[in-house]
Amino acid sequence: MRRRIGIPLALAALLAGPALIYGGYSLASRGDLVESARAEVPAGIRDLVLPKPKKLDGFVLERGAGASFGPDDLHGRWTFLSFGFTHCPDVCPFVLSNLAQVHAELALRVRPDNLPRVVFVGVDPARDAPVIGEYVSHFHPDFLGVTGTWEQIVVFVEGVDGFVRLGKAREDGSYDVRHSAAVILIGPDGRVHAKLSPPLDPGAVGEYLAHKQLAYRRNHPEDVSR
Amino acid sequence: MTASLATFLRIALAAVLMTAAALMWSTSAHATCGSVHVTDAWIMKAPPVVKMHAGYLTIENHGETERTLVGVASPAYGRIEMHLSREVDGVATMQHVSQVVVPAGGAVTFRPGGLHLMMLQPEASAAEISEVILHLTFDDGSTAGVGAVFRTGAPAADSHDHGHDSHGHGDRGAGT
């Protein structure tokens, strides 16, 4: 029975694969991430896997106290990265507390040195820069909050084929911030491997990451630490 | 005798019917006043540096006419707005909502990533008190009050179910 379902799916994947690769993933990434039909993806995970993991370089962000955050800081460990802003009462705290749940679940499953780091990129520098470190550490002391100048943020967001836009200020000075909703999974090679649609189910993500790590070790036998 | 019995019965029947009608009327009037139930009100705990909070609740309408929520206020906040978070083409956006219709016999739930109360200018003590009173105003002028508690995240009901799902998958994966 599983075979019979599997063949049309495999055919669909064969047909859709080249289309995705041809279209580039920037087009696909702007659309809604869909529930995956691939066998290794646990139920409840909506993801977009990059056919070829995308290298992130040429960006500089700031992690507070004058320290920078660059491509080298993404190497050596898996990273979950999400965009947001500190004046976002609904989605951002929800995603961050969700990532804290994921982090707690992963802590039970993987070696401490293999535990992914969690990075929150504040895309509203005027309001985020003074408070982002304190804001992010509220959700987990190990979570890292970074931001930068508007230009630096745009460079980084475009590097992951994301989206960010600040709205016009209203009379009371408030303004809207729109940003990519996906949680980005970056490998120990500093490349974007997948994008996941929140909220993330901690158990399912644990399983998902285990598959990714296994595949990564298979493809990178030289990277013995991972 | 027969005629007077019939008259008596007719009067008695009328009385019963009138009583029943009066009862029904009073019940329905009562139901209209109390047909809206507000439950599960909570506020997402935010880092102290954040001066705005998001609130969530469920409004059940047990009445026979739709009810429209037009405003929410609280002594613990300077201003409360209704907002809708939406994900459009992978981009998180938020829009202001001026009213929320609760259909007759239906319910509306404010939840993370959807409808929420944007609660601005918290009183200094809002982060320390455990419960905040919310006053809901409907378009017919009626009001409802509810106490909201602070929580770090959404109630775990959904993720609990998913957890079981993923366990099932894990077992299957290990078996093949």
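Everything quoted here is computed from the prediction, not taken from an experiment.

Draft legend 1. The arrangement of the overall build of chain A in detail. If you tally the helices and strands in chain A, you get 6 helices and 11 strands. Looking at chain A residue by residue over its 226 residues, the buried ones come to 49%. Considering only contacts within chain A whose residues lie at least 6 apart along the sequence, 69% involve residues at least 24 apart.

Draft legend 2. Expanded view of the environment of S97(A). Inspection of the secondary structure puts S97(A) in helix α2 (residues 91-109). The buried category is assigned to S97(A), whose relative accessible area is 12%. Excluding residues that lie within four positions of it along the chain, S97(A) makes contacts with F139(A), T152(B) and G153(B).

Draft legend 3. A look at the pattern of salt bridges. Going through the model one piece at a time under the given rule, you end up with 9 salt bridges over all chains. Across the pair D172(A) and R79(B) runs a salt bridge whose closest N-O atoms are separated by 3.6 Å. Of this pair, D172(A) sits in the loop between β8 (164-166) and β9 (177-180) while R79(B) sits in strand β4 (residues 77-88), on two different chains. Judged by its relative accessible area of 32%, R79(B) is partly exposed. A network of salt bridges, in which partner residues are shared, links D172(A), R79(B) and E81(B).

Draft legend 4. Geometry of the side chain of H140(A). Among the secondary structure elements, H140(A) is positioned in the loop between α4 (132-137) and β7 (144-146). Only 2.9 Å separates the side chain of H140(A) from the backbone nitrogen of D142(A), close enough to count as a polar contact.

Draft legend 5. Geometry of the interface of chain A and chain B. Contact with chain A, which involves 33 residues of that partner, is made by 36 residues of chain B. Buried area between chain A and chain B, both sides added, is near 2,600 Å², and the carbon and sulfur share of it is 60%. Taken as a group, P89(A), D90(A) and F94(A) account for 22% of the area that chain A buries against chain B, more than any other trio of residues on that side. At the boundary of chain A and chain B, one finds 1 salt bridge. Summed over the shared surface of chain A and chain B, the result is 6 residue pairs in polar contact (both at pLDDT 80 or more).

Draft legend 6. Region of interest: the packing of aromatic side chains. All chains considered together, the criterion is met by 6 aromatic pairs over all chains. On the numbers, 5.6 Å between centres and 75° between planes, the contact of W78(A) with Y216(A) is edge-to-face. With W78(A) in the loop between β4 (67-69) and β5 (79-84) and Y216(A) in helix α6 (residues 202-219), this residue pair connects regions lying 138 residues apart in the sequence. For the pair W78(A) and Y216(A), a shared accessibility class is recorded, and that class is buried. Taken together, a centroid distance of 5.8 Å and an interplanar angle of 40° make the contact between F120(A) and Y135(A) tilted. Of this pair, F120(A) sits in strand β6 (residues 117-122) while Y135(A) sits in helix α4, and the two are 15 residues apart along the sequence. Across the pair, exposure class does not vary: F120(A) and Y135(A) are buried alike. Site record: aromatic cluster; members linked through ring pairs are F59(A), F83(A) and F156(A). Of note, R127(A) hangs over the ring of Y175(A), and the distance from its end group to the ring centre comes to 4.0 Å. Its guanidinium or amino end placed over the ring of F138(B), R67(B) lies 5.1 Å from that ring's centre, counting from NZ or CZ.

About the criteria used
Residues numbered from 1 in each chain as written. Chains lettered and ligands numbered in written order. Predicted model: local features only at pLDDT ≥ 70, side-chain atom pairs only at ≥ 80, totals over all residues. Heavy atoms only, no water. Helix = DSSP H or I, 4+ residues; strand = E, 2+ residues; numbered from the N terminus. Buried < 20%, exposed > 50% of the residue type's maximum accessible area, 1.4 Å probe, protein only. Contact = heavy atoms within 4.5 Å. Salt bridge = Lys/Arg side-chain N within 4 Å of Asp/Glu carboxyl O. Polar contact = N/O pair within 3.5 Å; in protein donor to acceptor, adjacent residues only side chain to side chain. Buried area = accessible area lost by both parts, 1.4 Å probe. Phe/Tyr/Trp six-rings, centres within 6.5 Å; stacked < 30°, edge-to-face > 60°. Lys NZ or Arg CZ within 6 Å of the ring centre and 35° of its normal.

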